[in-house]
2 protein chains.
Amino acid sequence: MSDLGAALDIVGARWGLLIVERLLDGPQRYGDLQRDLGVGTNMLATRLRELEAAGVLSRLPLRHNTRAYALTERGLALREAVVALRRWGAAQGVGGAQDGQAL
Amino acid sequence: MSDLGAALDIVGARWGLLIVERLLDGPQRYGDLQRDLGVGTNMLATRLRELEAAGVLSRLPLRHNTRAYALTERGLALREAVVALRRWGAAQGVGGAQDGQAL
DNA sequence: CCGTCGTACTTCACTTTTGGAAGTATCAGG
DNA sequence: CCTGATACTTCCAAAAGTGAAGTACGACGG
């Protein structure tokens, strides 16, 4: 398995990088992520479990049955990749800009 | 749809970025990609069609029924993202480095 | 103590995507 | 016309994703 393959095995699944992107803005609760991303609650639970197992994020217990999800160092290290992909995606929307200095 | 979402819509599907990665080394033929990636021929054909439709790659006719797939400017612009993800993936393989100064 | 509310999931039935094997199309060479 | 190489297409079963509904748990009001 190549390095890229290993990375995609962890964050390449549907919603994986989108969840990480949201968490780059700071810790979020389950309901926040669900409403923000528009992802089904079962998918979200599955992805969060996988990403936690992979050491990308961790659960922070808040009050009783409430908790927050926050990126670990490993998860924060994905910022470069997320930014690079986001810039590329933004450039596509413009209609064909090969040079995009906007960030 | 966010910029990241738009990007993942194009190259976020299984094998999408892996194909782009191979093509970053230069144009490749169908059979090369298939053997190199170990992807099923149906998946490969489907992804190549989608990526071509998205303007990420183009077909270069070679001899009779042989052709090569090459990245367009748009496809080449994905190099940053691929490299960022590859680096992240490589850091994970080390075994648990929260601080990765490698590379 | 009991019913209700909010938050975090789990379960189920259904659709879409993926993966593997086998078949088709096209052209060159003999 | 038959064989071989290359590039796909088609078919079917398995895996993954989706949406709706249900469960678990603790706080809160009566």
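An unreviewed UniProt entry lists chain A under the name HTH hxlR-type domain-containing protein, from Nakamurella endophytica.

1. Some words on the nonpolar core
Membership of the largest hydrophobic core comes to 54 residues, with the highest contact counts inside it found for Val56(A), Leu78(A), Leu85(A), Val56(B), Leu78(B) and Leu85(B). In contact with Leu78(A), not counting residues within four places along its chain, are Val11(A), Val20(A), Val56(A), Leu85(B) and Trp88(B).

2. Focus on the sheet that holds strand E2 (residues 57-61) of chain B
Residue and element names in this part refer to chain B. Strand order across the open sheet formed by three strands is E1-E3-E2, with antiparallel pairing between neighbours. The sheet terminates laterally at strand E1 (28-29) and E2, the two strands that pair on one side only. With five bridges joining them, E2 and strand E3 (residues 67-71) adopt antiparallel strand pairing. In the strand pairing of E3, Leu60 is matched with Ala68. Contacting E2 and E3, helix H4 (residues 41-53) crosses the sheet at an angle of about 110 degrees to E2.

3. So, the relation of the copies chain B and chain A
Aligned on chain A, chain B shows an RMSD of 0.1 Å; the corresponding rotation is 180 degrees and the shift along the axis is 0.0 Å. This pairing of chains is accounted for by a two-fold axis. In terms of C-alpha distance to the rotation axis, chain B has Ala81(B) as its closest residue, with the C-alpha 2.7 Å off the axis.

4. Looking at the protein's contact with DNA strand C
Surrounding DNA strand C, one finds 20 residues, the nearest of these being Asn65(A), Tyr69(A), Asn42(B), Arg47(B) and Asn65(B). Sugar plus phosphate, as a fraction of atoms of DNA strand C within 4 Å of the protein: 56%. One nitrogen or oxygen atom from the main chain of Gly31(A) is found 2.9 Å from a phosphate oxygen belonging to DNA strand C. Between DNA strand C and the protein, one listed contact pairs a phosphate oxygen with a side-chain N or O atom of Trp15(B) at 2.7 Å. Looking at the surface near DNA strand C, the elements that each hand over two or more residues are helix H3 (30-37), helix H4 (41-53) and strand E3 (67-71) of chain A together with H4 of chain B.

5. A word on the pattern of salt bridges
This structure, assessed with the given rule, holds 16 salt bridges over all chains. With a closest N to O distance of 3.1 Å, Arg22(B) and Asp25(B) form a salt bridge. Judged by its relative accessible area of 59%, Asp25(B) falls in the exposed class. The closest approach of N and O atoms between Asp32(B) and Arg35(B), which form a salt bridge, is 3.6 Å. Highlighted residues: Asp32(B) and Arg35(B), both in helix H3 (residues 30-37), separated by three residues, approximately one helical turn. Relative accessible area serves as the criterion here: at 25%, Asp32(B) is assigned to the partly exposed category. Taking relative accessible area as the criterion, Arg35(B) reaches 65% and is therefore assigned exposed. When salt bridges that share partners are traced, they join Arg22(A), Asp25(A) and Asp36(A) into one network.

6. Quick look at unusual backbone geometry
Residues and elements named next belong to chain A. Phi angles above zero are rare outside glycine, and Trp15 is one such case at about 80 degrees. Relative to the helices and strands, Trp15 resides in the loop between helix H1 (3-11) and helix H2 (16-23). Despite not being glycine, His64 shows a phi value in the positive range, around 25 degrees. Locating His64 in the fold gives a position in the loop between strand E2 (57-61) and E3. For His64, a relative accessible area of 72% translates into the label exposed.

Rules used throughout
Residues numbered from 1 in each chain as written. Chains lettered and ligands numbered in written order. Predicted model: local features only at pLDDT ≥ 70, side-chain atom pairs only at ≥ 80, totals over all residues. Heavy atoms only, no water. Core = buried A, V, L, I, M, F, W, Y, C linked by side-chain atoms within 4.5 Å. Buried < 20%, exposed > 50% of the residue type's maximum accessible area, 1.4 Å probe, protein only. Contact = heavy atoms within 4.5 Å. Pairing = 2+ DSSP bridges. Helix = DSSP H or I, 4+ residues; strand = E, 2+ residues; numbered from the N terminus. Axes fitted to C-alpha atoms, helices over the stretch in contact; angles between N-to-C directions. Least-squares fit on C-alpha atoms with pLDDT ≥ 70 in both. Near = heavy atom within 4 Å. Polar contact = N/O pair within 3.5 Å; in protein donor to acceptor, adjacent residues only side chain to side chain. Salt bridge = Lys/Arg side-chain N within 4 Å of Asp/Glu carboxyl O.

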